[in-house]
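# A closer look at the structure
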Amino acid sequence: MTKHQPIKRHQSLHGLSKDHHQGLLLCFKIRQGIKMGVEEKRIKKYCNWFWKEHLVPHFQEEERFVFPVLGNDHEMVRQALEEHQILKDLFNASKSDYDHLNQLERQLEAHIRFEERVLFNEIQDTATADQLTIIAQHHGKATSCEVWEDEFWK
């Protein structure tokens, strides 16, 4: 496994990067739940909550304030928007078997890695000071992922 150097993230994107960290923790929790043989419905219940409380607002924020820096016709933004739709479909699917949860986890992790390692670098290199200020002003306070009634991943 290749060790990636820490990315110097512009302050205005720190909140979104923290959201991404929570998304990577979700991926870990899904993998742990599957590894431990946890009932799929328990994992899916947490995924549904995470989708509603974290990812929907996060995606809306990116689409409204971050992606316009490059424009919706930019290749990387088009990729991110396509991945948002794929993830929306995966999270909203009624399936909850291990294959589906594995697919959801892999897609989410790949998407987060793309945004953190590629897209956000382009955003922070391109954005004006005013655009970065707007991004920072519109980052909502995330709900804590630390407390969940069913910590199936432990």
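This text gives an overview of the structure that appears in the document. (Residues numbered from 1 in each chain as written. Predicted model: local features only at pLDDT ≥ 70, side-chain atom pairs only at ≥ 80, totals over all residues. Heavy atoms only, no water.)

Let's shift gears to the pattern of salt bridges. All chains considered together, the criterion is met by eight salt bridges. In this structure, Arg-42 and Asp-150 form a salt bridge, with 2.7 Å as the shortest nitrogen-oxygen distance. Highlighted residues: Arg-42 in helix 2 (residues 40-66) and Asp-150 in the segment after helix 5 (129-137), separated in sequence by 108 residues. Overall, the relative accessible area of 33% leaves Arg-42 in the partly exposed class. Residue class for Asp-150 comes out partly exposed when judged on its relative accessible area of 21%. Between Lys-154 and Glu-151 there is a salt bridge; the shortest N-O distance is 3.0 Å. (Salt bridge = Lys/Arg side-chain N within 4 Å of Asp/Glu carboxyl O. Helix = DSSP H or I, 4+ residues; strand = E, 2+ residues; numbered from the N terminus. Buried < 20%, exposed > 50% of the residue type's maximum accessible area, 1.4 Å probe, protein only.)

With that settled, the discussion passes to the packing of aromatic side chains. Under the definition given, this model contains seven aromatic pairs. Aromatic pair Tyr-46 and Phe-152: ring centres 5.9 Å apart, planes at 70°, arrangement edge-to-face. Of the two residues, Tyr-46 is situated in helix 2 and Phe-152 in the segment after helix 5; the sequence distance between them amounts to 106 residues. With respect to class, Tyr-46 is no different from Phe-152; both count as buried. A centroid spacing of 5.1 Å and a plane angle of 15° characterise the contact between Trp-51 and Phe-91, whose relative ring orientation is stacked. (Phe/Tyr/Trp six-rings, centres within 6.5 Å; stacked < 30°, edge-to-face > 60°.)

In this structure, Leu-26, Ile-30, Ile-43, Tyr-46, Phe-91 and Leu-108 are the most contacted members of the largest nonpolar core, which totals 24 residues. Broken down by secondary-structure element, the contributors of at least two residues to this core are helix 1 (14-35), helix 2, helix 3 (75-92) and helix 4 (98-126). At eight residues, the largest contribution of residues to this core is made by helix 2. Excluding its chain neighbours within four sequence positions, the residues that come into contact with Leu-108 are Gly-23, Leu-26, Cys-27, Leu-55, Leu-87 and Phe-91. Counting residues in each nonpolar core, the second largest holds 17 residues, with Leu-13, Leu-16, Val-66 and Phe-114 among its members. (Core = buried A, V, L, I, M, F, W, Y, C linked by side-chain atoms within 4.5 Å. Contact = heavy atoms within 4.5 Å.)

What follows concerns the packing of helix 1 against helix 2. Where helix 1 contacts helix 2, the axes come no closer than 11 Å and their chain directions differ by 155°. The angle between the axes of helix 1 and helix 2 places the two elements in the roughly antiparallel class. Between helix 1 and helix 2 lies a crossing whose hand is left-handed. Two secondary-structure elements touch here, helix 1 through Leu-16, Asp-19, His-20, Gln-22, Gly-23, Leu-26, Lys-29, Ile-30, Gly-33 and Ile-34 and helix 2 through Ile-43, Tyr-46, Cys-47, Phe-50, His-58, Glu-61, Glu-62 and Val-66. Each residue belonging to the contact of helix 1 with helix 2 can be placed in one class, and the counts come to nine nonpolar, five polar and four charged. (Axes fitted to C-alpha atoms, helices over the stretch in contact; angles between N-to-C directions. Parallel < 35°, antiparallel > 145°, perpendicular 65-115°, else oblique. Left-handed = near helix turned anticlockwise from the far one by under 90°. Nonpolar A, V, L, I, M, F, W, Y, C, P; charged D, E, K, R; others polar.)

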